[in-house]
Amino acid sequence: MESVFYLLDAAPYGSEKAFGALNAAAVSLDRMDVTLGLYGDGVYLVAAGQDSTKLGLPNLSDILYSYGELKVLVHEPSLVERGLFEETLIETIELADEEDFLEAMENSDCVILF
C-alpha cells in the first residue's frame, strides 16, 4: 500500500475520533503518502484559535501544525454549511470541492473512516 486517506467526519472534541485520526495519520507518515480528509463536522478541526484548556484536552488544531508534512484536505461545502468558510482557518490545509474531495479518496489505495 502506497497511500492512505483518513476520513474524519466527527467534531474534534466530544469523542476520540479526531485524536485517533491524527495519531493514525502521524504514525503512517514515514511509510506512505497520507491524507487527512475532513468532512462534515470534522472541518471544525481547522478553525484557528481553538481553546480546549477548559475541556482538559490538547488543542488538536495545534497538533496539525506539528505534522507539517501531513496533507490536510478540507471539504469546502462542509465549511460553507457550518458557516466556517469566512472564519480564520489554520494555514496548513487545502480546500477541495465535492469532486476533488471524492477524487482524492478514490485515488488512495486505502480509505479509513473515523
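Within every chain, residues take consecutive numbers counted from 1 along the sequence as written. Only residues with pLDDT of at least 70 are given local features in this predicted model, and only at 80 or more are side-chain atom pairs given and counted; all residues enter the totals for whole chains, interfaces and linings. Each side-chain value is worked out from all heavy atoms of the structure, with water and hydrogens disregarded.

Things to note about the pairing of strand β1 (residues 3-8)
Under the scheme applied here, a residue whose accessible area is under 20% of the maximum for its type counts as buried, over 50% as exposed, and between as partly exposed, the area being computed with a 1.4 Å probe on protein chains only. Each helix corresponds to a stretch of at least 4 residues labelled H or I by DSSP, and each strand to a stretch of at least 2 residues labelled E; elements are numbered beginning at the N terminus. In terms of residue burial, β1 counts as a mostly covered element, since six of its six residues are buried. Of the two faces of β1, the one holding S3, F5 and L7 and the one holding V4, Y6 and L8 are both buried throughout. Alignment of β1 against strand β2 (residues 33-38), held across six bridges, turns out to be parallel. In the sheet register, F5 faces β2, and the bridge partner there is T35. As a crossover connection, the stretch from β1 through helix α1 (residues 17-28) into β2 is right-handed. Here the rule is simple: two strands pair whenever DSSP picks up at least two bridges between them. The pairing of β1 with strand β5 (residues 110-113) spans four bridges and is classified as parallel. Across the sheet, the residue bridging to L7 is L113, located in β5. Orienting the strands away from the viewer, one traces the path from the first strand over the helix to the second; a clockwise path indicates a right-handed crossover.

Considering the pattern of salt bridges
The salt bridge definition used is simple: a Lys or Arg side-chain nitrogen within 4 Å of an Asp or Glu carboxyl oxygen. For the coordinates displayed, the defined rule picks out three salt bridges. In this structure, E94 and K71 form a salt bridge, with 4.0 Å as the shortest nitrogen-oxygen distance. Residue E94 is found in strand β4 (residues 94-96), and its partner K71 is found in strand β3 (residues 71-75); the two are separated by 23 residues along the sequence. Classification of E94 by relative accessible area gives partly exposed; the value is 40%. In this structure K71 comes out as partly exposed when scored by relative accessible area, which is 35%. Across the pair R82 and E81 runs a salt bridge whose closest N-O atoms are separated by 3.3 Å.

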